[in-house]
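Observations on the three-dimensional arrangement
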Amino acid sequence: MEFTSRNIGSFRRATGGISQAQATVFRCLLDQVETGEYEEVEAQAQALAARPRRAWERHPEPVWLARAYALSAAVLYGRREHVLTELDSLAAELQQTSGGDRKILVVVQVARAVVLNGEERYAEAESQATDILREVTRLAHLTHVADIELSALACLAEAMCGLGRYEEGEAIARGNLPRATENRAASLRCLLVHSLNGQGRYEEALAESRQPTPPASRAGSGASAMVLAAALHGLGRRDDAKATAHQALDECKQFLHPTHPRIRQAQELLALITAGDSPAAGSP
């Protein structure tokens, strides 16, 4: 599942305690996130968070925001060692916030749901995504939350598929795809194909995979090729499936951190196709 950058892009409008100069710094970091410079963003944001408090005035928001940027970048890239612990720590600090500052908490929770899905802790991811959607409803009158809502719904759809509840995953992905744009459209399209594969509806999955869709960001590398390979394998087109699975694995290795769970998933899918085993649903 692709955790997209616009979740953290609107903090400047929603968060108090951020000066104009600090907002400019975070805007530069956001520009780097959008071009896939995740490692650089993580390092720079960590350095900002570690600055003496006097350098960031007396408000805690800049430090929270810097930590949220660093953790979001790590999740996007796939460097997830210790990230769940760090996300939990930051979320605990943010629990008592109110108003627009709650938006930082919700984005941290989305990142947590992404990690839980990557670790195949789907029931926990479902619970986290449901909690986020409730919080989004409470925040809707204070700040723009449509992008965060779509990310939470994508997390929920992935959790549904992981739990074998493919029809529910399909309903979420299909129902929200028309209002999604850019990276989120790519994520939901991928999840829709995945859910159809899980139901054995490979012809429909193949047709959906060919629909015009915005390109994925670096964080989504390999995901679309994986679900396409699974659909081709389900249709018995073994050579096409094998070539597409190789493409998916190459994309993952080129653009993602070596510990990103999608690399392992792509390797498992390729091994399954190569061995000529039964059709697999694939995993985005």
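Computed from a prediction, not measured in an experiment: that's the story for all the values here.

Conventions we followed
Residues numbered from 1 in each chain as written. Predicted model: local features only at pLDDT ≥ 70, side-chain atom pairs only at ≥ 80, totals over all residues. Heavy atoms only, no water. Helix = DSSP H or I, 4+ residues; strand = E, 2+ residues; numbered from the N terminus. Buried < 20%, exposed > 50% of the residue type's maximum accessible area, 1.4 Å probe, protein only. Contact = heavy atoms within 4.5 Å. Areas by Shrake-Rupley, 256 points an atom, 1.4 Å probe, with all protein chains shown as cover. Expected span 1.5 Å × (residues − 1). Phe/Tyr/Trp six-rings, centres within 6.5 Å; stacked < 30°, edge-to-face > 60°. Salt bridge = Lys/Arg side-chain N within 4 Å of Asp/Glu carboxyl O. pLDDT = per-residue confidence, 0-100. Axes fitted to C-alpha atoms, helices over the stretch in contact; angles between N-to-C directions. Parallel < 35°, antiparallel > 145°, perpendicular 65-115°, else oblique. Core = buried A, V, L, I, M, F, W, Y, C linked by side-chain atoms within 4.5 Å. Lys, Arg positive; Asp, Glu negative; His and termini not counted. Polar contact = N/O pair within 3.5 Å; in protein donor to acceptor, adjacent residues only side chain to side chain.

Helix and strand counts for the protein stand at 15 helices and zero strands. Counting over 284 residues, the protein shows a buried share of 57%. Once local pairs closer than 6 in sequence are excluded, the contacts in the protein between residues at least 24 apart make up 69%. Within the structure as shown, the protein displays about 11,800 Å² of accessible surface, and the carbon and sulfur contribution to it stands at 50%.

What follows covers helix α13 (residues 223–234). Over its 12 residues, α13 extends 17 Å from the first C-alpha to the last, a length consistent with the 16 Å expected when each residue adds 1.5 Å. Within α13, 10 of the 12 residues are buried, which leaves it mostly tucked inside the rest of the structure. Taken together, the buried positions of α13 are occupied by Ala223, Ala225, Met226, Val227, Ala229, Ala230, Ala231, Leu232, His233 and Gly234. The inward-facing, buried residues of α13 abut α11 (182–198), α12 (202–209), α14 (238–255) and α15 (261–275).

Going through the model one piece at a time under the given rule, you end up with one aromatic pair. A ring pair is formed by Phe26 and Tyr69, whose centres lie 5.3 Å apart and whose planes are at 35°; its orientation type is tilted. Note that Phe26 is positioned in helix α3 (residues 20–34) and Tyr69 in helix α5 (residues 61–77), a separation of 43 residues in sequence. In this structure Tyr69 comes out as buried when scored by relative accessible area, which is 3%.

The α-helix winds at 3.6 residues per turn, so residues separated by three or four positions along the chain end up facing the same way. Given a rise of 1.5 Å per residue, 17 residues ought to cover 24 Å, and the 24 Å separating the end C-alpha atoms of helix α9 (residues 146–162) matches this to within 8%. The positive-phi residue at the C-terminal boundary of α9 is Gly164, with phi of around 80°.

Before going further, it helps to examine the pattern of salt bridges. Where side chains of opposite charge bring their charged atoms close, a pairing between them can arise. Applying the stated rule across the entire model yields 23 salt bridges. The salt bridge partner of Glu93 is Arg67, with a shortest N-O separation of 2.9 Å. Of this pair, Glu93 sits in helix α6 (residues 83–94) while Arg67 sits in helix α5; the two residues are 26 residues apart in sequence, bridging distant segments of the chain. Among the residues examined, Glu93 registers a relative accessible area of 38% and is labelled partly exposed.

Counting all residues, the mean pLDDT for the protein is 88, and 88% of those residues have values of 70 or more. A low-confidence stretch, residues 1–5 stays under pLDDT 50, and its non-local contacts, those more than four residues away or across chains, total 28 contacts. Segment residues 8–14 is flagged for pLDDT under 50; beyond a separation of four residues in sequence, or across chains, it makes 17 contacts in the model.

Bringing the packing of α11 against α12 into the picture now. Where α11 meets α12, the axes come as close as 8 Å, and the angle between the chain directions of the two elements is 170°. By the angle between their directions, the pair α11 and α12 is classed as roughly antiparallel. Contacts between α11 and α12 involve Arg189, Leu192, Val193, Leu196 and Asn197 from the former and Tyr202, Glu204, Ala205, Glu208 and Ser209 from the latter.

Moving on, we get to unusual backbone geometry. Of note in this structure, His82 is not a glycine but carries a positive phi near 65°. Inspection of the secondary structure assignment puts His82 in the loop between α5 and α6. The backbone phi angle of Glu120 is positive, close to 65°, even though this residue is not glycine. Residue placement: Glu120 occurs in the loop between α7 (102–118) and α8 (122–139).

Counting residues in each nonpolar core, the largest one holds 53 residues, and the members touching the most others are Leu87, Val108, Ile132 and Leu188. Secondary structure elements with two or more residues in this core: α5, α6, α7, α8, α9, α10 (166–176), α11 and α13. Top contributing element to this core by residue count: α7, with 11 residues. Here Leu87 is in contact with Leu71, Val75, Val108, Ala111, Arg112 and Val115, once residues within four sequence places are set aside. Counting 19 residues, the second-largest nonpolar core is a separate cluster that includes Ala23, Tyr38, Ala45 and Leu48.

Take the environment of Leu153 next. Structurally, Leu153 is set in helix α9. Classification of Leu153 as buried rests on a relative accessible area of 12%. Placed 24 residues apart in sequence, Leu153 and Ala129 show a C-alpha to C-alpha distance of 7.0 Å.

This brings us to the side chain of Arg184. Among the structural elements, Arg184 can be located in helix α11. We note that Arg184 is buried and unpaired, the nearest opposite charge coming from Asp147 at a distance of 4.1 Å. Engagement of the side chain of Arg184 in a polar contact is seen with the side chain of Ser151, the distance being 3.1 Å.

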